[in-house]
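Chain residues, written in single-letter form:
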Number of protein chains: 2
Amino acid sequence: MTLIPTEYRITEIRRLVDPALHEVLDRLDAGTRLTCGYHLGFWDSEGHFPAEQNLNGKGLRPTLAVLSALAADAPAAAGVPAALACELVHNFSLLHDDVIDGDTERRHRPTVWARFGISAAILAGDALLSLANEVLGEARSEHVPDAVRRLGATVRQLIAGQTADVAFEKRDDVTLEECMSMAADKTAALLACSTSLGAVLAGAPPTLVRGLAEFGNHVGMAFQLTDDLLGIWGDPVLTGKPVLSDLRACKKTVPVVAALTSSTAAAAELRDLYNRPDPLDEGELIRAAVLVDEAGGRAWTEEEADRQLAAGVRALDPLELPEEIRDDLARIARRLRGRDR
Amino acid sequence: MTLIPTEYRITEIRRLVDPALHEVLDRLDAGTRLTCGYHLGFWDSEGHFPAEQNLNGKGLRPTLAVLSALAADAPAAAGVPAALACELVHNFSLLHDDVIDGDTERRHRPTVWARFGISAAILAGDALLSLANEVLGEARSEHVPDAVRRLGATVRQLIAGQTADVAFEKRDDVTLEECMSMAADKTAALLACSTSLGAVLAGAPPTLVRGLAEFGNHVGMAFQLTDDLLGIWGDPVLTGKPVLSDLRACKKTVPVVAALTSSTAAAAELRDLYNRPDPLDEGELIRAAVLVDEAGGRAWTEEEADRQLAAGVRALDPLELPEEIRDDLARIARRLRGRDR
């Protein structure tokens, strides 16, 4: 296999981050370590055999964090604590969100709560959130306090986003603006943190940190909107989630809300379906997906995702990054938008 | 009311910490802020009316944290970020432990999960854990990274302790050593953090930090053992918990395990009761309490708590603290042991 430079760098970054991630887990008590490592795909639920590695969606945030250190002319190692922190926070939120959303499957395996119980999943998430801060505290950088503050602000946004997500399920008057703001909190905030935290630790000037965060914010929006589209029209074999899962859970994702807030006949029919007290059957779920499309929710979301992607890549222009770093960031961004999983 | 110096100082410290705690919550989204403030007793479940303040057990960790800054010859304000961090971590763990243990009442009010649901309680705990690190990151001290690392190590111990606690409920071969180690993780670790983190931020020498942490560790053990005794023989009106709640939940607390591991007839009868598949009725619960006493579990725990208290106070001797700080710390320690709630 021929590696283009981006692939090569991503492989190198994972070679740096993955062993560090394993080491961090070794600090935990045996029970919590088992559940955390199971969640991360390091081993199966017995902890004995190496689990089949499924790297879907994994390594994105660490890669971005290390690239952000490289963007600040620092060595890759300077970005590793940021990479670990972002990956740990991401997985903390997955662990708790799976409990909150009642999701039983992730990455083609039972979720931690489904396999080990709710208590274990809560504690595993707590452990990863705390470890994220601990590894930042260990960074050899005078900018640790700033990094810790930024991570804290990011986690507050994650929590605000998840809180809104839960609240939206019970409301039928969610505006598109609220929905976009929820996506910004739930997803874009941590992407923005990932694309800038390595630079923060490396002592990059504020304009560079801001520009990298802006890039991450837009790309994060593009990523979430793409995810919302896949949550309706994605192939379950590739996404690892049940087909039509977002509609089944009556999630107020962006395509759905864009459809519901359009003044179309399809919107009215979709609203009726979403307001049913009983769960929708398979036929109704498929009909709902068709209605989101007919009401323009799909097209709006596709266009907005493309617009966000373009705005993200544009945000890199004034930063005068080393060319290969700029190319890597732009390439990763495009891939997040074009991905089929 | 005449205030003795300790009371006066505690009141002053609370005057410093409480508004800061309110301010920290203001950073959260409205939903999460409501549940966090409800948990902390700042308002009722609607957020409209000031809740009846019930300060049982509150303010202990912040007070110790500020005293530890004073012990290092720093102004009280230098200890406030440590005070906030310890109080936030304490309440994070209460929020999640209540979900895990299924406890429906705390401080004479419904717990957050019982009132707002499990999702809200998980997110509220997450928020407080993250805020704890964020406020440490804001401390005006060059020792922030050290403080963050110590808080992280403490949270790992909390999680290990809670994980063990959950595991113990399903085991009937828990040793007294395992049980004491669980108490050290669940309770003493955060007390040790509280009695030293202000000194860490103040840049105290390692011997002072170590001595203060040793004091906190012993006092934390005395505190937990006293709590275990109250969990069986405490007055529910004063503890705010249902009568005999620990026995009802078949908790493997220190008095219970000290009794079970004694070679007495009472131990054998107690083991039979604890191994019943069905919940114990009121008569059996009272019988279980009598058996813990007869098997020597109560006396052993009382003596061990006194021993830990004495060791804690002794640990202060070589530290050459200002006399009034030493007296405050010793007085608080004795109160934790002698308290009736």
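Cut-off values and rules
Residues numbered from 1 in each chain as written. Chains lettered and ligands numbered in written order. Predicted model: local features only at pLDDT ≥ 70, side-chain atom pairs only at ≥ 80, totals over all residues. Heavy atoms only, no water. UniProt positions renumbered as here; feature names shortened; annotations may be inferred. Helix = DSSP H or I, 4+ residues; strand = E, 2+ residues; numbered from the N terminus. Rg over C-alpha atoms; globule rule 2.2 N^0.38 Å. Contact = heavy atoms within 4.5 Å. Areas by Shrake-Rupley, 256 points an atom, 1.4 Å probe, with all protein chains shown as cover. Expected span 1.5 Å × (residues − 1). Buried < 20%, exposed > 50% of the residue type's maximum accessible area, 1.4 Å probe, protein only. Arc of directions from axis to C-beta. Buried area = accessible area lost by both parts, 1.4 Å probe. Salt bridge = Lys/Arg side-chain N within 4 Å of Asp/Glu carboxyl O. Nonpolar A, V, L, I, M, F, W, Y, C, P; charged D, E, K, R; others polar. Disulfide = S-S within 2.5 Å. Axes fitted to C-alpha atoms, helices over the stretch in contact; angles between N-to-C directions. Parallel < 35°, antiparallel > 145°, perpendicular 65-115°, else oblique. Left-handed = near helix turned anticlockwise from the far one by under 90°. Least-squares fit on C-alpha atoms with pLDDT ≥ 70 in both. Phe/Tyr/Trp six-rings, centres within 6.5 Å; stacked < 30°, edge-to-face > 60°.

Identification of chain A as Geranylgeranyl diphosphate synthase type I from Actinopolymorpha pittospori is taken from an unreviewed UniProt entry. In its Sequence similarities (unreviewed entry) section, UniProt records this for chain A: "Belongs to the FPP/GGPP synthase family."

Moving on: the overall build of chain A. Regarding its fold elements, chain A presents 17 helices and two strands. Its C-alpha atoms give chain A a radius of gyration of 20 Å, within 12% of the compact-globule value 20 Å for 341 residues. When the backbone C-alpha atoms are referred to their principal axes, chain A occupies close to 60 × 50 × 40 Å. Within chain A, residue pairs in contact and separated by at least 24 positions form 72% of the contacts whose partners lie at least 6 positions apart. A total accessible area of about 13800 Å² is found for chain A, and carbon and sulfur atoms account for 52% of it.

This part is about helix α15 (residues 282-294) of chain A. Residue and element names in this part refer to chain A. Between the first and last C-alpha of α15 there are 18 Å, a value that for 13 residues agrees with the 18 Å anticipated at 1.5 Å per step. When we look at burial in α15, the residues that qualify are Leu285, Ala288, Ala289, Leu291 and Val292. Along the long axis of α15, the arc covered by the buried residues comes to 160 degrees, so they all point the same way. Seen from the open side of α15, the exposed residues pointing more than 90 degrees away from its buried face are Ile286 and Glu294. Against the buried residues of α15 lie α10 (206-233), α12 (245-248), α13 (254-260), α14 (265-275) and α16 (297-316).

One frequently used descriptor of interface size is the decrease in accessible area upon assembly of the parts. Tallying the contact residues gives 33 residues for chain B and 33 residues for chain A. Summed over both partners, the interface of chain B with chain A comes to about 2900 Å²; 70% of that surface belongs to carbon and sulfur atoms. Linking chain B with chain A are two salt bridges. For the salt bridge of B:Glu134 with A:Arg156, the shortest nitrogen-to-oxygen distance reads 2.5 Å. Sort the elements by how many residues they give to the side of chain B that touches chain A and helix α7 (residues 144-169) of chain B lands first, with twelve residues. Across the side of chain B that touches chain A, the residue classes tally to 16 nonpolar, ten polar and seven charged.

The subject of this paragraph is the state of the cysteines. Chemically, a disulfide is nothing more than a covalent bond linking the sulfur atoms of two cysteines. By the definition in use, this model includes zero disulfides over all chains. The cysteine B:Cys250 is free of any disulfide, with B:Cys179 supplying the nearest cysteine sulfur at 14 Å.

A few words on the packing of helix α4 (residues 76-101) of chain A against helix α6 (residues 118-137) of chain B. At a closest axis distance of 9 Å, the pairing of α4(A) and α6(B) adopts a crossing angle of 160 degrees. Classified by the interaxial angle, the pair formed by α4(A) and α6(B) is roughly antiparallel. The crossing of α4(A) and α6(B) is right-handed. Taken together, the residues of α6(B) that come into contact with α4(A) (itself represented by A:Phe92, A:His96, A:Val99 and A:Ile100) are B:Ser119, B:Ile122, B:Leu123 and B:Asp126. The residue inventory of the contact of α4(A) with α6(B), partitioned by class, reads five nonpolar, two polar and one charged.

Okay, the relation of the copies chain B and chain A next. The two copies are related by a screw operation: chain B maps onto chain A through 180 degrees of rotation and 0.0 Å of translation along the axis, at an RMSD of 0.0 Å. Expressed as an axis order, the relation between the two copies is that of a two-fold axis. Most of the interface of chain B is mirrored in chain A, where 100% of its interface residues are also at the interface.

Residues and elements named next belong to chain A. Contact pair helix α3 (residues 60-71) / α10: the axes reach a minimum separation of 11 Å and the direction vectors enclose 155 degrees. Classified by the angle their axes make, α3 and α10 are roughly antiparallel. Where α3 crosses over α10, the two elements pack in a sense that is right-handed. Note on element contacts: α10 touches α3 through Leu208, Leu212 and Phe223, opposite Leu60, Arg61, Ser68 and Ala71.

Another point: the packing of aromatic side chains. Residues and elements named next belong to chain B. Tallied over the entire structure, the rule returns four aromatic pairs over all chains. Consider the rings of Tyr38 and Phe116, whose centres lie 5.3 Å apart with planes at 75 degrees: the pair is edge-to-face. Of this pair, Tyr38 sits in helix α2 (residues 30-39) while Phe116 sits in helix α5 (residues 112-116); the two residues are 78 residues apart in sequence, bridging distant segments of the chain. Judged by its relative accessible area of 4%, Tyr38 is buried. Residues Phe42 and Trp43 carry aromatic rings whose centres are separated by 6.0 Å and whose planes lie at 65 degrees to one another, so their mutual orientation is edge-to-face. The exposure class assigned to Trp43 is buried, which follows from its relative accessible area of 9%.

What follows covers unusual backbone geometry. All names here are of chain A. Positive phi, normally seen in glycine, also occurs at Asp73, with a value near 65 degrees. Here Asp73 shows up in the loop between α3 and α4. Here Asp73 falls in the exposed class, since its relative accessible area comes to 70%. For His108, which is not a glycine, the phi torsion comes out positive at approximately 65 degrees. For His108, the location among the structural elements is in the loop between β1 (105-106) and β2 (109-110). With a relative accessible area of 39%, His108 lands in the partly exposed category.

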